[in-house]
There are 2 protein chains.
Amino acid sequence: MFVIMVYDAGERRNAKLLKIGRKYLHWVQNSVFEGEITEANYFKLKAEVKQRIHDTEDSVVFYTFRSTRYTNREILGKKIDPGNLIL
Amino acid sequence: MFVIMVYDAGERRNAKLLKIGRKYLHWVQNSVFEGEITEANYFKLKAEVKQRIHDTEDSVVFYTFRSTRYTNREILGKKIDPGNLIL
């Protein structure tokens, strides 16, 4: 499945989420990752994120898609390294 | 169609993008909006964003979906005001 992860956390935890995100997904933009991922790895990713964040201060949103057939991405402004992206 | 808008811009332009985002979509998290939008409004949204951003410093990513049938959202940490969201 395809996942978009967006997060808003305290500075130190942002750095930890960046590290975790890079293990499973592709960096798109500050606090935004995307990529294809297995169900097993998706659960691992969420478990690692859950361990790192502060439940009342931080927010992490996962958008998941069983198919990217109906999905499109458009970028305005700074282009992102295409080698970095899946969609 | 359903749109997720994520942006990373200079501080002053971030405030302007927040204002534009609120006109067309629902706030989800810092620099993240989502919502159902018509094609016409999607073009207006992009035109307004294009006018505001700095092409080499800022980055705005739009994920669009013709259907949310294959889409799911999960939130870890701070819950977002459910009245605010579409999915």
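In the block above lies the structure referred to throughout.
Nothing here was measured: the structure is a model prediction, and the numbers come from that model. (Residues numbered from 1 in each chain as written. Chains lettered and ligands numbered in written order. Predicted model: local features only at pLDDT ≥ 70, side-chain atom pairs only at ≥ 80, totals over all residues. Heavy atoms only, no water.)

**Remarks on the sheet that holds strand β3 (residues 32-36) of chain A**
The sheet built from five strands is open, its strands ordered β2(A)-β3(A)-β1(A)-β4(A)-β5(B) with antiparallel pairing. Edge positions in the sheet fall to β2 (26-29) of chain A together with β5 (71-77) of chain B, since each has one partner strand and no second. Ignoring which end each strand starts from, the neighbouring axes of this sheet average 20° apart. Direction of pairing for strand β4 (residues 59-65) of chain A relative to β5(B): antiparallel, over a ladder of seven bridges. By the bridge assignment for β5(B), A:T64 is matched with B:N72. In this fold helix α2 (residues 39-52) of chain A packs onto β1 (2-8) and β4 of chain A together with β5 of chain B, with an angle of close to 175° to the strand it touches most, β4(A). (Pairing = 2+ DSSP bridges. Helix = DSSP H or I, 4+ residues; strand = E, 2+ residues; numbered from the N terminus. Axes fitted to C-alpha atoms, helices over the stretch in contact; angles between N-to-C directions. Contact = heavy atoms within 4.5 Å.)

**Brief notes about helix α1 (residues 11-24) of chain A**
All names here are of chain A. Helix length check: α1 (14 residues) gives 21 Å between terminal C-alpha atoms against 20 Å at 1.5 Å per residue, within 8%. What α1 keeps buried is the set R13, L17, I20, G21 and Y24. End-on, the buried residues of α1 take up no more than an arc of 105°, which puts them together on one face. When the buried face of α1 is taken as reference, the exposed residues oriented beyond 90 degrees from it are E11, R12, K19, R22 and K23. (Expected span 1.5 Å × (residues − 1). Buried < 20%, exposed > 50% of the residue type's maximum accessible area, 1.4 Å probe, protein only. Arc of directions from axis to C-beta.)

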